[in-house]
Amino acid sequence: MTARHRSDKSFKGGQLDKLDFAMNGLRLDSLDIFAAIVRCGGFRAAAIERGVSSSALSQSVGALEATLGIRLLNRTTRSVAPTEAGARLLERLAPALKDIRAAIADLDQLRQKPSGTLRINAPGPAVDHILCPLAFDFMRVYPEVRVDLVSDAAIIDIVAQGFDAGVRFGRQIEQDMIALPLGPPLRYAIVAAPSYLASRGEPSTPQDLIDHDCIRRRFPGGTTVSWEFEKDGETLEIKPGGRLTLSSAHQELQAALAGQGIAHVFDSYAKPHCDRGRLVELLRDWSPDLPSWFLYYPNRRHPSAAMAAFLDHVRLFDFRAEPG
């Protein structure tokens, strides 16, 4: 490497070092103050506009010039005008500052007026019977809010996955989340089609299920759902056996309606079909009430206007009302 090349490299490296120092020391508010002084024609007018002292603005511009290593303003007792460097900087700054102000104005709108998108993660039954009626009513009141409901029974990190909130049972919620009861208590129903019962008979106790074709449900993690029962202080947990294993409540319901076996689904799924005689509920006196679903969300100091409005809507919503 020649002496000239070493000199050029050293010079360019020095320029990069200065640029890196300048970028690290720059403050956005200093650039905005510089632009305001030029726009207003002086420190005093800019200070009145911003509600601060002229000396504070002078110190800010002085620090900016020191960071950049170049004078930006020519100051006299009567006037203030940009230097050539200041004029060139301002010419490039003006569009960027305009874009930044527009971006902040957009944030203000999101904070003050419910708009944007709410993303909520919840198991299928909660989406079907709780969140859908709730979201439909909420969107009618707040037409500028979009709602994205994702059916998912897996336990996930809603923050890492980009969700505003999730729905789970209370015992599945992390302690650093805020939880809000969502809807009435739940109840599982054990149901089967009349055609199945005509051929296989009707169980009279939970233990009788061992001799039946039960429609099993597998969670996303691979485990199968146990069926829990309670009566007169006695509790039982049955690991159902059967030839058919499915992954959603809708599939279980369709299998039961087709006479494929006995299903274990939320009462809200089974009731319309029981009312029409297409399904028969079994072991009802063994079916305990369960806690409600919970809506949970991160403990944030400044939720969006859309999220704040949604939480208020949840608190006032009548979950027992018939959708219509």
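Quick look at the structure, then.

Some words on the nonpolar core
Ranked by internal contacts, the top residues of the largest apolar core, which has 43 residues, are Leu 131, Val 167, Leu 182, Trp 293, Leu 295, Phe 310 and Val 314. For this core, the element with the highest residue contribution is helix α6 (residues 124-141), accounting for seven residues. If near-sequence neighbours (up to four positions away) are discounted, Trp 293 is found in contact with Pro 123, Pro 125, Ala 126, Ile 130, Val 167, Arg 168, Phe 169, Leu 180, Pro 181, Leu 182, Leu 186 and Phe 266. Within the second largest apolar cluster, 17 residues are counted, among which are Leu 31, Leu 73, Leu 90 and Leu 97.

Some thoughts on unusual backbone geometry
Phi at Asp 232 is positive, roughly 50°, even though this residue is not glycine. If you trace the backbone, Asp 232 turns up in the loop between β9 (227-231) and β10 (234-238). Phi at Leu 283 takes a positive value of approximately 55°, unusual for a residue other than glycine.

Details of the side chain of His 212
One can find His 212 in the loop between α7 (194-200) and β8 (216-217). Here Tyr 196 takes part through its side chain, which lies 2.9 Å from a polar atom of the side chain of His 212.

Notes on the pattern of salt bridges
Taken as a whole, this structure holds 14 salt bridges when the rule is applied. Across the pair Glu 144 and Lys 113 runs a salt bridge whose closest N-O atoms are separated by 2.8 Å. Residue Glu 144 is found in the loop between α6 and β4 (145-151), and its partner Lys 113 is found in the loop between α5 (84-112) and β3 (116-122); the two are separated by 31 residues along the sequence. For Glu 144, a relative accessible area of 38% puts it in the partly exposed group. In this structure, Arg 119 and Asp 148 form a salt bridge, with 3.3 Å as the shortest nitrogen-oxygen distance. Residue Arg 119 is located in strand β3, and its partner Asp 148 is located in strand β4; the two are separated by 29 residues in the primary sequence.

Observations regarding the packing of aromatic side chains
What the rule picks out here adds up to six aromatic pairs. Note on Phe 138 and Phe 310: the rings are 5.2 Å apart at their centroids and 90° apart in plane angle, and the pair reads as edge-to-face. Remark: Phe 310 occurs in helix α10 (residues 305-316) and Phe 138 occurs in helix α6; sequence separation between them is 172 residues. Residue Phe 138 is classed as buried on the basis of its relative accessible area, which comes to 0%. The exposure class of Phe 310 is buried, given its relative accessible area of 1%. Plain terms: the ring middles of Tyr 188 and Phe 266 are 4.4 Å apart, the flat faces sit at 15° to each other, and that makes the pair stacked. Placement of the pair is Tyr 188 in strand β7 (residues 186-192) and Phe 266 in strand β12 (residues 263-266), with a sequence separation of 78 residues. Judged by its relative accessible area of 6%, Phe 266 is buried.

Some points on the pairing of strand β5 (residues 165-168)
Successive residues of a regular strand alternate their side chains across the two faces of the sheet. Judged by which residues are buried, β5 turns out to be covered on both faces: Ala 165 and Val 167 on one side and Gly 166 and Arg 168 on the other are all buried. Here β3 runs beside β5; their pairing, made up of two bridges, is parallel. For Asn 121, the partnering residue across the bridge sits in β5 and is Gly 166. Pairing of β5 with strand β15 (residues 293-298) involves three bridges; the strand directions are antiparallel. Counterpart to Val 167 in the pairing with β15 is Leu 295.

Some thoughts on the side chain of Arg 187
Locating Arg 187 in the fold gives a position in strand β7. A distance of 2.7 Å separates polar atoms of two side chains, one belonging to Arg 187 and the other to Glu 281. In this structure Arg 187 touches Val 265, Phe 266, Asp 267, Glu 281, Arg 284, Ser 287, Pro 288 and Asp 289, once residues within four positions along its chain are discounted.

Looking at the packing of helix α2 (residues 28-40) against helix α4 (residues 54-68)
The geometry of α2 relative to α4 is characterised by a closest axis approach of 9 Å and an angle of 115° between their N-to-C directions. Here α2 and α4 pass one another in a crossing that is left-handed. Of the residues in α4, those in contact with Ser 30, Leu 31, Ile 33, Phe 34 and Ile 37 of α2 are Leu 57, Ser 60, Val 61 and Leu 64. Its residues assigned to classes, the contact of α2 with α4 shows seven nonpolar, two polar and no charged.

What counts, and where the lines are drawn
- Residues numbered from 1 in each chain as written.
- Predicted model: local features only at pLDDT ≥ 70, side-chain atom pairs only at ≥ 80, totals over all residues.
- Heavy atoms only, no water.
- Core = buried A, V, L, I, M, F, W, Y, C linked by side-chain atoms within 4.5 Å.
- Buried < 20%, exposed > 50% of the residue type's maximum accessible area, 1.4 Å probe, protein only.
- Helix = DSSP H or I, 4+ residues; strand = E, 2+ residues; numbered from the N terminus.
- Contact = heavy atoms within 4.5 Å.
- Polar contact = N/O pair within 3.5 Å; in protein donor to acceptor, adjacent residues only side chain to side chain.
- Salt bridge = Lys/Arg side-chain N within 4 Å of Asp/Glu carboxyl O.
- Phe/Tyr/Trp six-rings, centres within 6.5 Å; stacked < 30°, edge-to-face > 60°.
- Pairing = 2+ DSSP bridges.
- Axes fitted to C-alpha atoms, helices over the stretch in contact; angles between N-to-C directions.
- Left-handed = near helix turned anticlockwise from the far one by under 90°.
- Nonpolar A, V, L, I, M, F, W, Y, C, P; charged D, E, K, R; others polar.

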